[in-house]
Amino acid sequence: AAVEVTVVAVKTGIRQPSGRTYGRLLHAVLQSNGFAEAHGRKLGATEDEVAAAEATARVVLTHQVVAPGGREVFREAPVVVRMNDGTLVEGRIDLAFRDKDGWVVVDYKTGSADQQKAVRQLRLYAHALATATGLPARAVLLEIA
């Protein structure tokens, strides 16, 4: 059975800079629960990008989907799944945690990401986690705007 993917739009009210550097910066800040300035220096981000990432992370990290409240949480968890044709697919799960129904796998997307590609990738990650643990998994694509 295909993994259910729910798309949740998070409207931050903050102008999101475009570009690869900003996307990488925001992901880094979300993974570490902060430290926008340090990540910004490392990535060569502008002051505007750092300020936007910091403000956006504050909104996203308190969203009900992402704030797992006391549950075991995994961030940037490596995942590998072998497809039916033998191909290995590798990636990193942005966020995974267990709830009463099994696993919840969350992927953060910003800007003009290809939603269909993101959903396919997220399904693979959730399938891999469910297969590895024997627990059901559902997936949430968190579109940050």
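For the structure, check the block above.
These notes cover the structure that comes with them. (Residues numbered from 1 in each chain as written. Predicted model: local features only at pLDDT ≥ 70, side-chain atom pairs only at ≥ 80, totals over all residues. Heavy atoms only, no water.)

Right, let's get into the pairing of strand β4 (residues 102-110). Of all the nine residues making up β4, nine are buried; the element is thus mostly covered by neighbouring parts of the structure. One ladder, built from five bridges, connects strand β3 (residues 88-99) with β4; its direction is antiparallel. Following the sheet pairing, F97 is matched in β4 by V104. Note that β4 and strand β5 (residues 137-144) share eight bridges and pair parallel. Its bridge partner lying in β5, V106 is registered against V140. (Buried < 20%, exposed > 50% of the residue type's maximum accessible area, 1.4 Å probe, protein only. Helix = DSSP H or I, 4+ residues; strand = E, 2+ residues; numbered from the N terminus. Pairing = 2+ DSSP bridges.)

Moving on, we come to the pairing of β3. Relative to β3, strand β2 (residues 73-82) runs antiparallel, the two being bridged by nine bridges. When the sheet's bridge partners are listed, R82 is paired in β3 with L88. Between β2 and β3, which follow one another and run antiparallel, lie five residues, and G86 among them has a positive phi close to 95 degrees. Between β3 and β4, which pair antiparallel one after the other, the connecting turn spans two residues.

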